[in-house]
Amino acid sequence: MTPGLWELVISGVWVTIQLLVFSALLGCLVAFVVGIARTHRLRSVRFLAGLYTEVFRGTSALVMIFWVYFVLPPAFGWQLVPMWAGTLALGLTYGAYGTEIVRGALNAVDPAQREGGIALSFTSWQRMRLILLPQAVPEMIPSFCNLLIELLKGTALVSVMGMGDLAFSGNLVRLALQESVEIYTYILLIYFVIAFTLTRLMRGLEKRLKAGLGQAPKSSEVKRAQTAGVGGRVV
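So, a few notes on the structure that sits alongside this text.

## A look at a nonpolar patch on the surface
Then comes step 1: A cluster of nonpolar residues, Phe66, Trp67, Phe70, Val71 and Val160, forms a patch on the protein surface that exposes about 450 Å² of accessible area.
Then comes step 2: Mapped onto the elements, valine 160 comes out in the loop between helix 6 (124–154) and helix 7 (166–177).
Then comes step 3: Residue valine 160 is classed as partly exposed on the basis of its relative accessible area of 38%.

## Comments concerning the side chain of threonine 199
Then comes step 1: Tracing the chain through its elements places threonine 199 in helix 8 (residues 180–212).
Then comes step 2: Residue contacts for threonine 199: discarding those within four places in its chain leaves Cys145 and Ile149.

## Side note on the layout of surface pockets
Then comes step 1: The calculated volume of the largest pocket comes to roughly 400 Å³.
Then comes step 2: Forming the walls of the largest pocket are 19 residues, and the residues nearest its centre are Ala24, Cys28, Phe144, Leu148 and Met202.
Then comes step 3: Of all the secondary-structure elements, those providing two or more residues to the lining of the largest pocket are helix 1 (3–37), helix 4 (82–108), helix 6 and helix 8.
Then comes step 4: Per element, the largest residue contribution to the lining of the largest pocket is nine residues, and it comes from helix 1.
Then comes step 5: Among the residues making up the lining of the largest pocket, the classes are represented as 16 nonpolar, three polar and no charged.
Then comes step 6: By volume, the second largest pocket is sized at about 320 Å³.
Then comes step 7: Ile36, Thr39, His40, Arg41, Arg114, Ile118, Ser124, Trp125, Arg127, Met128 and Leu132 together form the lining of the second largest pocket.
Then comes step 8: Where the lining of the second largest pocket is concerned, the elements lending two or more residues are helix 5 (111–119) and helix 6.
Then comes step 9: Residue contributions to the lining of the second largest pocket peak at five residues, all from helix 6.
Then comes step 10: Class assignment for the residues of the lining of the second largest pocket results in five nonpolar, three polar and three charged.

Parameters and conventions
- Residues numbered from 1 in each chain as written.
- Predicted model: local features only at pLDDT ≥ 70, side-chain atom pairs only at ≥ 80, totals over all residues.
- Heavy atoms only, no water.
- Patch = residues over 30% accessible without salt bridge, like charges linked within 9 Å, V, L, I, M, F, W, Y side chains within 5 Å.
- Areas by Shrake-Rupley, 256 points an atom, 1.4 Å probe, with all protein chains shown as cover.
- Salt bridge = Lys/Arg side-chain N within 4 Å of Asp/Glu carboxyl O.
- Helix = DSSP H or I, 4+ residues; strand = E, 2+ residues; numbered from the N terminus.
- Buried < 20%, exposed > 50% of the residue type's maximum accessible area, 1.4 Å probe, protein only.
- Contact = heavy atoms within 4.5 Å.
- 1 Å grid on protein atoms, 1.4 Å probe; cavity = no way out; pocket = protein on both sides within 12 Å on 5 of 7 lines; lining within 4 Å.
- Points joined across faces, edges and corners; volume = space filled by probe spheres on them.
- Nonpolar A, V, L, I, M, F, W, Y, C, P; charged D, E, K, R; others polar.

Put into structure tokens, the structure is as follows:
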């Protein structure tokens, strides 16, 4: 490919990464707010949170992008650029899947922990912030990692709006060169590299969080144990 076409692909990679970050931040916010609401003591709050989750999990992400970009702005007199339309559609859709991750992890915390917080006269917010979330968040990481990879692949859907993401840019290069095998192979490899990097980062975050809770040895402790094992007996 010529340098100009490579610049087009690199530009598409940058747009995809921006969309992924913005959508992930919105989705994470939605997942925690609605997920915590699904464990609320008030039935009405749980019902509204459950309704949101079922609606967005039961609709197509592609149709949601169409709806947010083509239907929502004219109805309210707004004007959304493709980046923010894609962020809103993907963040709300994948955030709905994240709510179940948050709810499940919170419910998996030992009930004795909640009872301990009540015995200490903690408010519900203090119990959530100081007791439940620190134990639940490390358990959410593997599922959130899978959801983040799915979100990365879902970013390709915004190409239907003419947004210059990686998929859209790759298709333009393919049309310019009339070469499908080489271009789409490059695109696949780029998506894989991004996904692999995200996976490694999330695994590192999971290890750090679990180490903070005493559920995994810290790297320094592992090195000391290995050194002691190689050097001979431990005194």
